[in-house]
Amino acid sequence: MIKDNYQQVLASIEAAKSRRREVPKEAPVKLIAVTKNHDVAAMREAIDAGATEVGENRIQEAANKFDALEREVTWHLIGHLQTNKVKQAVKYFQLIHSVDSLHLARALEKEAAKIGKVQDILLQVNLAREDSKSGLYKEELEEAFREVDGFEHLRIRGLMCMAPNYDEVENCRPLFREMYGIYCQVKEMPWQRAKVEYLSMGMSHDYEIAVEEGANIVRVGTAIFGPRQY
Ligand SMILES: *Cc1c(COP(=O)(O)O)cnc(C)c1O
């Protein structure tokens with residue numbers, strides 16, 4: 001089941017790439033299997049199907065699975081991170097997608113320095129300015145980039161965003177398109193440390209549109225694992 005779903009999502013990503021217009025069709029897309037609220041058995045099934053990247057949104061859950069999984073995978077933190085958990089975050093995750101404030105970036109810099117790590121991060125953008133979501137507003141982005149680019153133990157790898165939960169999924173498209181434009185802009189700028197190459201956007205219900213509009217990382221849970229039990 002998980003195996004079939006995983007293959008199906010990969011096929012849909014390929015199909016979406018072929019429908020791209022402004023974005024180069026061949027530009028690769030990384031699929032992150034979002035494993036939050038699914039157990040390590042399910043995670044292993046996805047890994048057996050070919051998954052190499054997993055996404056979690058809670059530190060404690062990820063820490064528990066980290067020891068139990070016994071497989072080599074790349075761990076992505078995709079959920080909001082509280083500053084009192086940054087120590088664990090830099091320990092477990094290769095890429096933190098959800099850096100949504102300068103306050104958090106400064107705390108991460110401090111903890112990464114303590115363990116001598118250069119932590120890869122994405123800056124999360126709240127493009128739709130939703131109160132329910134975290135993230136920098138687009139006009140705050142350049143200043144945040146400038147400051148974080150000076151941090152020795154953080155390396156900005158790109159941008160992340162979540163589209164609002166529209167009834168009509170097509171409504172996400174202008175947002176994704178705008179994000180791609182912002183991504184292309186910051187990618188072209190001459191940063192000191194930042195190495196911008198990722199645009200993380202698209203979840204189960206909207207990843208095909210995100211890929212059409214230029215996402216190169218999609219974070220997919222439900223379409224691979226089925227609905228989560230809370
Ligand atoms: C849970 C989650 C996802 C995956 O959501 P699905 O709808 O299950 O694909 C993607 N991104 C973030 C930030 C999430 O919290």
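Structure shown above.
Scoring rules and cut-offs
- Residues numbered from 1 in each chain as written.
- Predicted model: local features only at pLDDT ≥ 70, side-chain atom pairs only at ≥ 80, totals over all residues.
- Heavy atoms only, no water.
- Near = heavy atom within 4 Å.
- Polar contact = N/O pair within 3.5 Å; in protein donor to acceptor, adjacent residues only side chain to side chain.
- Areas by Shrake-Rupley, 256 points an atom, 1.4 Å probe, with all protein chains shown as cover.
- Nonpolar A, V, L, I, M, F, W, Y, C, P; charged D, E, K, R; others polar.
- Buried < 20%, exposed > 50% of the residue type's maximum accessible area, 1.4 Å probe, protein only.
- Helix = DSSP H or I, 4+ residues; strand = E, 2+ residues; numbered from the N terminus.
- Pairing = 2+ DSSP bridges.
- Right-handed = clockwise from strand over helix to strand, strands pointing away.
- Axes fitted to C-alpha atoms, helices over the stretch in contact; angles between N-to-C directions.
- Parallel < 35°, antiparallel > 145°, perpendicular 65-115°, else oblique.
- Contact = heavy atoms within 4.5 Å.
- Arc of directions from axis to C-beta.
- Salt bridge = Lys/Arg side-chain N within 4 Å of Asp/Glu carboxyl O.
- Core = buried A, V, L, I, M, F, W, Y, C linked by side-chain atoms within 4.5 Å.

## So, the site of the ligand
So, point 1. Close to the ligand lie Val-34, Lys-36, Ile-78, Met-160, Met-162, Met-203, Ser-204, Arg-219, Val-220, Gly-221, Thr-222 and Arg-228, which account for all nearby residues.
So, point 2. At a separation of 2.8 Å, a nitrogen atom of the ligand approaches a polar side-chain atom of Arg-219.
So, point 3. Against a free-state accessible area of 390 Å², the protein chains account for coverage of 91% of the ligand.
So, point 4. Class assignment of the residues belonging to the shell around the ligand gives a composition of six nonpolar, three polar and three charged.

## Overview of the pairing of strand β6 (residues 154–161)
So, point 1. By the criterion of burial, β6 is predominantly enclosed, with seven of the eight residues buried.
So, point 2. Note: strand β5 (residues 119–125) against β6, seven bridges, orientation parallel. Paired with Val-125 across the two strands is Cys-161, which belongs to β6.
So, point 3. Where the polypeptide runs from β6 across helix α7 (residues 173–188) and back to strand β7 (residues 198–200), its parallel neighbour, the crossover connection is right-handed.

## Notes on the packing of helix α5 (residues 102–114) against helix α6 (residues 141–149)
So, point 1. The N-to-C vectors of α5 and α6 enclose an angle of 10°; their axes lie 11 Å apart at closest approach. In terms of their interaxial angle, α5 and α6 are classed as roughly parallel. Listed contacts from α6 to Leu-102, Ala-105 and Arg-106 of α5 are Ala-144, Glu-147 and Val-148.
So, point 2. Partitioning the contact of α5 with α6 into residue classes produces four nonpolar, no polar and two charged.

## Here's the deal with α6
So, point 1. Among all positions of α6, only Leu-141, Ala-144, Phe-145, Val-148 and Asp-149 are buried. Seen end-on, α6 carries its buried residues on one side only, within an arc spanning 125°.
So, point 2. For α6, the elements touching its buried residues are α5, β5, β6 and α7.

## Here's the deal with the pattern of salt bridges
So, point 1. Scanning the model with the defined rule gives 20 salt bridges in all.
So, point 2. Between Glu-212 and Arg-173 there is a salt bridge, with its nearest N and O atoms 2.8 Å apart. You can see Glu-212 sitting in helix α8 (residues 207–212) and its partner Arg-173 sitting in helix α7, a full 39 residues away along the chain. There is no split in this pair, since Glu-212 and Arg-173 are both buried.

## Some points on the nonpolar core
So, point 1. Grouped together as the largest cluster of nonpolar side chains are 75 residues, with contacts concentrated most on Leu-123, Phe-145 and Leu-159.
So, point 2. Here the element with the most residues in this core is α7; it accounts for seven residues.
So, point 3. In this structure, Leu-159 is in contact with Leu-122, Leu-123, Val-125, Leu-141, Phe-145, Met-179, Ile-182, Tyr-183, Val-186, Tyr-198, Leu-199 and Ser-200, ignoring residues within four places of it in sequence.
So, point 4. Ile-32, Leu-95, Tyr-198 and Ile-217 belong to the second-largest nonpolar core, a separate cluster that totals six residues.

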